[in-house]
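Take a look at the letters that make up each chain.
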Amino acid sequence: MTAGHLIAKLNEALGWELRAINMYAHYAAYIRGIHRLQLEPHFTAEANESMVHSNIVRSAIVKLGGVAVTERNQTPIEHVSSYLDMLAESLKTEIKAAEVYGELMVMIEEAGDAELLDSIEQIYLAEVRSVEELRRLAE
Ligand SMILES: [Fe+2]
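Residues numbered from 1 in each chain as written. Predicted model: local features only at pLDDT ≥ 70, side-chain atom pairs only at ≥ 80, totals over all residues.

### Some remarks on the overall build of the protein
Move 1: Within the protein, the regular secondary structure consists of four helices and zero strands.
Move 2: Beginning at the N terminus, the succession of helices and strands in the protein can be written as α-α-α-α.
Move 3: The globule rule puts the C-alpha radius of gyration for 139 residues at 14 Å, and the 15 Å found for the protein is close to it.
Move 4: Each of the three principal axes of the protein carries a C-alpha extent, and together these read 50 × 25 × 20 Å.
Move 5: A buried classification covers 33% of the 139 residues belonging to the protein.
Move 6: In the protein, 76% of the contacts between residues at least 6 apart in sequence involve partners at least 24 apart. (Helix = DSSP H or I, 4+ residues; strand = E, 2+ residues; numbered from the N terminus. Rg over C-alpha atoms; globule rule 2.2 N^0.38 Å. Buried ≥ 20, exposed ≤ 12 C-beta atoms within 10 Å, placed from the backbone. Contact = placed C-beta atoms within 7 Å.)

Structural data, given as structure tokens:
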């Protein structure tokens, strides 16, 4: 595996994080009704967490001498009204993120970069926790 493959995969993760920032900020703004009480803070926290993740991934790309993407992943962000639809869209996004970070973990293990593995593993575990939490929330 070349550094180019690793940088490309990190950029894939970065694109998903940039998309997640937009998606969660959008749902935080549009959530209505009684669920706003809990889901506005939840979506806002997720948007902030995606920002933190994007910064970590971007820094890793810079460190590897790559060029970080500035555009989000182009998968459409669905404007939905019901909280269940918002949670379903969130779940889809988190499943995708966990998948990309899982692939990244394998590549970084092969590359033998212990420091990078440590920071990406933290993110990977956070995405997996989000998936499990959303599965319960979206029931
Ligand atoms: Fe994330």
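### With respect to the environment of alanine 111
Move 1: Mapped onto the elements of the fold, alanine 111 is located in helix α3 (residues 83-111).
Move 2: Remark: the alpha-carbon pair of alanine 111 and tyrosine 124, spanning 13 residues in sequence, is separated by 17 Å.

### Focus: the nonpolar core
Soluble globular proteins: nonpolar side chains tend toward being buried together.
Move 1: Membership of the largest hydrophobic core comes to 29 residues, with the highest contact counts inside it found for Leu10, Ala13, Tyr101, Leu104 and Ile120.
Move 2: For this core, the elements supplying multiple residues, two or more each, are α1 (3-30), α2 (36-63), α3 and α4 (114-137).
Move 3: The biggest single contributor to this core is α1, with 10 residues.
Move 4: Beyond its immediate chain neighbours, meaning those up to four positions away, isoleucine 120 contacts Tyr101, Leu104, Met105 and Ile108. (Core = buried A, V, L, I, M, F, W, Y, C linked by C-beta atoms within 7 Å.)

### Focus on the packing of α1 against α2
Packed helix pairs are characterised by how far apart their axes lie and by the angle those axes make with each other.
Move 1: At a minimum axis separation of 8 Å, α1 and α2 run at an interaxial angle of 160°. The angle between α1 and α2 places the two elements in the roughly antiparallel class. As for the relative orientation of α1 and α2, their crossing is left-handed in sense.
Move 2: For the contact of α1 with α2, the residue count by class is 17 nonpolar, five polar and four charged. (Axes fitted to C-alpha atoms, helices over the stretch in contact; angles between N-to-C directions. Parallel < 35°, antiparallel > 145°, perpendicular 65-115°, else oblique. Left-handed = near helix turned anticlockwise from the far one by under 90°. Nonpolar A, V, L, I, M, F, W, Y, C, P; charged D, E, K, R; others polar.)

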